[in-house]
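Residue-level structural notes
If you want the building blocks of each chain, they are given just below.
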Amino acid sequence: MKAVVITGSTKGIGLGLAREFLKRDCSVAISSRSKPKLEQVVADVGNEFGAGRVAGQSCDVTDSGQVQALWDAAIKRFGRVDIWINNAGIANTMQSLLELDLNEVAPVVNTNVTGLIYGSMIALRGMTRQGGGQIYNVYGHGFNDNKVSGLHIYGTTKREVRYFSEVRMPDAEGTPV
């Protein structure tokens, strides 16, 4: 049975992925910034697929300590992590760059880019220690250079996800693979 960690997995694509992995007899660690939402989803999914196969850990991916705690919780519960999916992401409100509130920029960039980097680094280090695993990054609108006015910040971050994903990561010996 494979153990899977999915960041941002209490709704949308993340929850859909969690359910699909559970249907395929995997164990899944579900995460979210919202602890009440997380607890409800873990209870619901646990009732449907078996509580022993579902773990929950609140995690703000912009905080490397919380990302490490997510890894640690999955290891404690399942013994290893075979698949790590960087799914957590947020979008800015759809407004022109001229009208967009400056306070929306940092949360989108930090969640979509910094969170991806923290998740990848922590998973890569843990997987190297355990002898293997797979990391997947969820793209979004903008990854393929398609542009939509009003989604400047979100689209830019998702193009960064593509770049980051295409750069070769090192193997256990430090050689790019």
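In what follows, the structure referred to is the one given above.
The structure contained in this document is the topic of the report that follows. Being a predicted model, the structure only gives us computed values, none of them experimental.

Position of N92 among the secondary structure elements: in the loop between β4 (83-86) and α4 (105-130). A polar contact is formed between the side chain of N92 and the backbone oxygen of G150, at a distance of 3.0 Å. Only 3.0 Å separates the side chain of N92 from the backbone nitrogen of Y154, close enough to count as a polar contact. Excluding anything up to four places from it in sequence, N92 contacts L100, E104, V108, G150, L151, I153 and Y154.

This paragraph deals with unusual backbone geometry. Even without glycine at this site, D25 takes up a positive phi of about 65°. Looking at where D25 falls in the secondary structure, it is placed in the loop between α1 (12-23) and β2 (27-32). A relative accessible area of 52% means that D25 is categorised as exposed.

By size, the foremost hydrophobic cluster in this structure holds 18 residues, and its most contacted members are V4, I6, F21, V28, I30, V45 and I85. Sorting the residues of this core by element identifies β1 (3-6), α1, β2, α2 (35-49) and β4 as the ones contributing at least two each. When residues of this core are assigned to their parent elements, the largest contribution, 5 residues, is made by α2.

Next up on the list: the pairing of strand β5 (residues 134-137). Two elements, β4 and β5, share 4 bridges in a ladder whose sense is parallel. Within β5, the residue paired with W84 across the bridge is I135. Crossover handedness for the path β4 to α4 to β5: right-handed.

Okay, the packing of aromatic side chains next. Here the structure, examined in full by the defined rule, presents 1 aromatic pair. Plain terms: the ring middles of W71 and W84 are 6.0 Å apart, the flat faces sit at 35° to each other, and that makes the pair tilted. Here W84 lies in strand β4 and W71 lies in helix α3 (residues 64-78), a separation of 13 residues in the sequence. The residues W71 and W84 share a single accessibility class, namely buried.

Right, let's talk about the packing of α4 against helix α5 (residues 152-166) for a bit. Between α4 and α5, the least distance of the axes is 9 Å, while the angle of their chain directions is 15°. Taken as axis vectors, α4 and α5 run roughly parallel relative to one another. In the packing of α4 onto α5, the handedness of the crossing is right-handed. Of α5, the residues touching α4 (which contributes V105, V108, V109, N112, V113, L116, I117 and S120) are I153, Y154, T157, K158, E160, V161 and F164. Looking at the contact of α4 with α5 residue by residue, the classes come out as 10 nonpolar, 3 polar and 2 charged.

The rules behind the values
Residues numbered from 1 in each chain as written. Predicted model: local features only at pLDDT ≥ 70, side-chain atom pairs only at ≥ 80, totals over all residues. Heavy atoms only, no water. Helix = DSSP H or I, 4+ residues; strand = E, 2+ residues; numbered from the N terminus. Polar contact = N/O pair within 3.5 Å; in protein donor to acceptor, adjacent residues only side chain to side chain. Contact = heavy atoms within 4.5 Å. Buried < 20%, exposed > 50% of the residue type's maximum accessible area, 1.4 Å probe, protein only. Core = buried A, V, L, I, M, F, W, Y, C linked by side-chain atoms within 4.5 Å. Pairing = 2+ DSSP bridges. Right-handed = clockwise from strand over helix to strand, strands pointing away. Phe/Tyr/Trp six-rings, centres within 6.5 Å; stacked < 30°, edge-to-face > 60°. Axes fitted to C-alpha atoms, helices over the stretch in contact; angles between N-to-C directions. Parallel < 35°, antiparallel > 145°, perpendicular 65-115°, else oblique. Left-handed = near helix turned anticlockwise from the far one by under 90°. Nonpolar A, V, L, I, M, F, W, Y, C, P; charged D, E, K, R; others polar.

From the geometry alone we can't say anything about function, so treat these as descriptive.
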